[in-house]
Amino acid sequence: MAAIIKVDNLTHIYQAGTVMQSYAIKDISFEIEEGSFVGLIGHTGSGKSTLIQHLNGLIKPSSGTVFFKGEDIFAESYSLKQLRSRVGLVFQYPEYQLFEEDVIRDVMYGPKNMGFSDEEAREKAIEALKLAGMNEVFYERSPFELSGGQKRRAAIAGVLSMEPEVLILDEPTAGLDPKGRDEILDTIDKLHREKGITIVLVSHSMDDIAKYADKLLVLDKGELKYNDVPKAVFREYKELEKIGLSAPQLTYLAADLIKQGVDIDPEIGTVEEAKNEILRLLKGE
Ligand code: ADP
Ligand code: MG
């Protein structure tokens, strides 16, 4: 599979040249394959938000660059405006992204900004709201009256209305209750499976990553510590703990059972995988 995004020796220094200068990300390189579901995890302050804001050109690197489909997005002639419709970014706090008087107008903003007529923008907005799982009763409401989960759906729809090829979400489940979290994650998973959108999900939860991601990037103090399939990273749980992270809960369960002599796959990470292993053991296979 071809890389849709390539990050090349990316470094970002905040307040460069002052006594306050600090490296938020240091010399990071990786590729994102078209159609993949990438998890990005790291302790608070490890540089996740800084990194992803480079992917649609929202902030500029101190050195290094980003390629989208082989083109350097920070080259002078490159259209960042166009890029922002192709690489959609949903911020951690959707409040920052919602500003119109009602939900539908908010979601129409992107397509209108791209030059679509009111009517076309409305069609695209409705399509996007449906994809984001937003109930019609909210279309005419103020985005500020919505619950946390609905606000996120509105923010996601606002990005989907531009029909992006890549959807980047910065901790979209932060602050939601378990039901709200599962619903948002299932919506994202559906966009990936049914629409083929490449997903970059910034998350705090290894359990969520284990369930959805096919690639995992781990940041530690601005450096890229791991870039691998999730299972390969989970195997390093002792190293993960040193940087304030952990493997999925079920990986620990498997490790405990193995210590007690149970012949279970050490690489289980999800409830589904645990179920299959338990059934296999019960059948004595
Ligand atoms: P994460 O999203 O993983 O929590 P961030 O990218 O927000 O990490 O932050 C990485 C580092 O950069 C932190 O040390 C943070 O304090 C610093 N930082 C983030 N944004 C700014 C900013 N606008 N100005 C100065 N420092 C910042
Ligand atoms: Mg962040």
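Predicted model only: the values in this text are computed from it and were never measured. Per chain, the residues get numbers from 1 upward, laid out in the order the sequence is written. Here every chain gets a letter starting at A, and every ligand a number starting at 1, in the order they are written. Selection of residues for local features in this predicted model requires a pLDDT of at least 70, selection of side-chain atom pairs for listing and counting requires 80 or more, and totals for whole chains, interfaces and linings are taken over all residues. For the side-chain quantities, the full set of heavy atoms in the structure was used; hydrogens and water were omitted.

**What to know about helix α10 (residues 249-259)**
An α-helical turn contains 3.6 residues, so a residue and the one three or four places further along point in the same direction.
Phase 1 of the analysis: Burial classes: relative accessible area under 20% of the type maximum marks a residue as buried, over 50% as exposed, and values in between as partly exposed (1.4 Å probe, protein chains only). Starting at the N terminus, helices and strands are each numbered in turn, a helix being any DSSP run of H or I of at least four residues and a strand any DSSP run of E of at least two. Buried residues of α10: Leu250, Thr251, Ala254 and Ala255, and no others. Summarising the axial view, the buried residues of α10 lie within an arc of 145 degrees, below the 170-degree limit, and thus occupy one face. Of the exposed residues in α10, the ones pointing more than 90 degrees away from its buried face are Gln249 and Lys259.
Phase 2 of the analysis: It only takes one pair of heavy atoms within 4.5 Å for two residues to be counted as in contact. As for α10, its buried residues are in contact with α8 (230-234), α9 (237-242) and α11 (271-282). This arc describes the spread of directions from the helix axis toward the C-beta atoms.

**Re unusual backbone geometry**
Phase 1 of the analysis: Positive phi, close to 50 degrees, is recorded for asparagine 9, a residue that is not glycine.
Phase 2 of the analysis: For glutamine 15, which is not glycine, the phi torsion reads 50 degrees and is therefore positive.
Phase 3 of the analysis: Looking at where glutamine 15 falls in the secondary structure, it is placed in the loop between β1 (3-14) and β2 (22-33).

**Quick look at the nonpolar core**
Nonpolar side chains in soluble globular proteins generally cluster together in the buried interior.
Phase 1 of the analysis: Take the buried residues of types Ala, Val, Leu, Ile, Met, Phe, Trp, Tyr and Cys, join any two whose side-chain atoms come within 4.5 Å, and each joined set is a nonpolar core. Leu167 and Val218 are the most contacted members of the largest nonpolar core, which totals 49 residues.
Phase 2 of the analysis: The biggest single contributor to this core is helix α5 (residues 148-160), with six residues.
Phase 3 of the analysis: Residues contacting leucine 167, with those up to four places away along its chain left out, are Gly88, Val90, Val159, Leu160, Leu191, Ile197, Thr198, Ile199 and Val200.
Phase 4 of the analysis: Grouped together as the second largest cluster of nonpolar side chains are 27 residues, Phe30, Ile52, Val87 and Val200 included.

**Section: the packing of α5 against helix α6 (residues 178-195)**
Phase 1 of the analysis: Running from amino to carboxyl end, α5 crosses α6 at an angle of 20 degrees, the nearest separation of the two axes being 11 Å. Relative to α6, α5 is oriented roughly parallel. Here α5 runs over α6; the crossing is right-handed. Taking contact as the criterion, the partners of Gly149, Arg152, Arg153, Ile156 and Leu160 in α5 are, on α6, Glu183, Ile184, Thr187 and Leu191.
Phase 2 of the analysis: Think of it as three bins: nonpolar holds Ala, Val, Leu, Ile, Met, Phe, Trp, Tyr, Cys and Pro, charged holds Asp, Glu, Lys and Arg, and polar takes everything else, Gly as well. Grouping the amino acids of the contact of α5 with α6 by side-chain chemistry returns four nonpolar, two polar and three charged. Fitted lines through C-alpha atoms give the axes, limited to the stretch in contact for helices. The angle between two N-to-C directions lies from 0 to 180 degrees. Under this scheme an angle from 65 to 115 degrees is roughly perpendicular, one under 35 degrees roughly parallel, and one over 145 degrees roughly antiparallel; angles in between are oblique. A crossing counts as left-handed when the near helix is turned anticlockwise from the far one by less than a right angle, and as right-handed when that turn is clockwise.

**Some remarks on the sheet that holds β2**
Adjacent strands of a sheet form backbone hydrogen bonds with each other and so pair up, either parallel or antiparallel.
Phase 1 of the analysis: Pairing between strands requires that DSSP locate at least two bridges from one strand to the other. Reading across from one edge, β2-β1-β4-β5 is the order of the four strands in this open sheet, with antiparallel pairing throughout. In the strand order of this sheet, the two ends are held by β2 and β5 (71-72), each with one partner.
Phase 2 of the analysis: In this sheet, β2 lies alongside β1 in antiparallel orientation, the contact comprising eight bridges. Bridge pairing in β2 places alanine 3 opposite glutamate 33.
Phase 3 of the analysis: Its contacts with the sheet put helix α1 (residues 48-55) on β1, β2 and β4 (63-68), and the angle it makes with β1 is roughly 125 degrees.

**A short note on a nonpolar patch on the surface**
Phase 1 of the analysis: Candidate patch residues must exceed 30% relative accessible area and have no salt bridge, after which like charges are joined if within 9 Å and Val, Leu, Ile, Met, Phe, Trp or Tyr side chains if within 5 Å. Only the protein chains shown count as cover for residues, with accessible areas throughout obtained via the Shrake-Rupley method and a probe of 1.4 Å. The rule for a salt bridge is simple: a side-chain nitrogen of Lys or Arg has to be within 4 Å of a carboxyl oxygen of Asp or Glu. Residues Ile278, Leu279 and Leu282 make up a contiguous nonpolar surface patch of about 300 Å² in total accessible area.
Phase 2 of the analysis: Structurally, leucine 279 is set in helix α11.

**Notes on the site of ligand 1**
Phase 1 of the analysis: Residues are counted as near a molecule or strand when any one of their heavy atoms sits within 4 Å of it. Residues in close proximity to ligand 1 include Tyr14, Gln15, Ala24, His43, Thr44, Gly45, Ser46, Gly47, Lys48, Ser49 and Thr50, which together make up its full environment.
Phase 2 of the analysis: Between an oxygen atom of ligand 1 and a side-chain N or O atom of lysine 48, the distance comes to 2.8 Å.
Phase 3 of the analysis: Considered on its own, ligand 1 offers 560 Å² of accessible surface; in the complex 58% of this is hidden by protein.
Phase 4 of the analysis: Here the shell around ligand 1 gets three residues from one element, more than from any other, and that element is α1. Polar contact is the term for a pair of N or O atoms within 3.5 Å; when the atoms are in protein, one must be able to donate a hydrogen and the other to accept it, and sequence-neighboring residues count only if both atoms are side-chain atoms.

**Topic: the sheet that holds strand β3 (residues 37-42)**
Phase 1 of the analysis: One open sheet holds the six strands; their spatial order is β6-β7-β8-β3-β9-β10, and the pairing between them is mixed. For this open sheet the edge positions go to β6 (87-90) and β10 (223-228), each flanked by a neighbour on one side alone. Taking each pair of neighbouring strands and ignoring which way they run, the sheet shows an average axis angle of 15 degrees.
Phase 2 of the analysis: In this structure, strand β7 (residues 166-170) lies alongside strand β8 (residues 198-203), joined through five bridges in parallel fashion. When the bridges of β8 are listed, valine 166 appears paired with threonine 198.

**Describing the packing of aromatic side chains**
Phase 1 of the analysis: Aromatic pairs are defined between Phe, Tyr and Trp rings, using the six-membered ring for Trp, whenever the two ring centres lie within 6.5 Å; interplanar angles under 30 degrees are classed as stacked, those over 60 as edge-to-face, and all others as tilted. Scanning all chains against the criterion turns up three aromatic pairs.
Phase 2 of the analysis: Ring plane angle 15 degrees and centroid distance 6.2 Å describe the contact between phenylalanine 37 and tyrosine 212, whose orientation is recorded as stacked. Here tyrosine 212 lies in helix α7 (residues 206-212) and phenylalanine 37 lies in strand β3, a separation of 175 residues in the sequence.
Phase 3 of the analysis: Relative to tyrosine 252, the ring of tyrosine 237 lies with its centre 5.2 Å away and its plane at 65 degrees, an arrangement referred to as edge-to-face. Pair noted here: tyrosine 237 is in helix α9 and tyrosine 252 is in helix α10, with a separation of 15 residues, a long-range link.
Phase 4 of the analysis: A cation over an aromatic ring shows up here: lysine 124 above the ring of phenylalanine 116, its NZ or CZ 4.5 Å from the ring centre. Put simply, a charge is over a ring when the Lys NZ or the Arg CZ is close to the ring centre, within 6 Å, and near the line of the ring normal, within 35 degrees.

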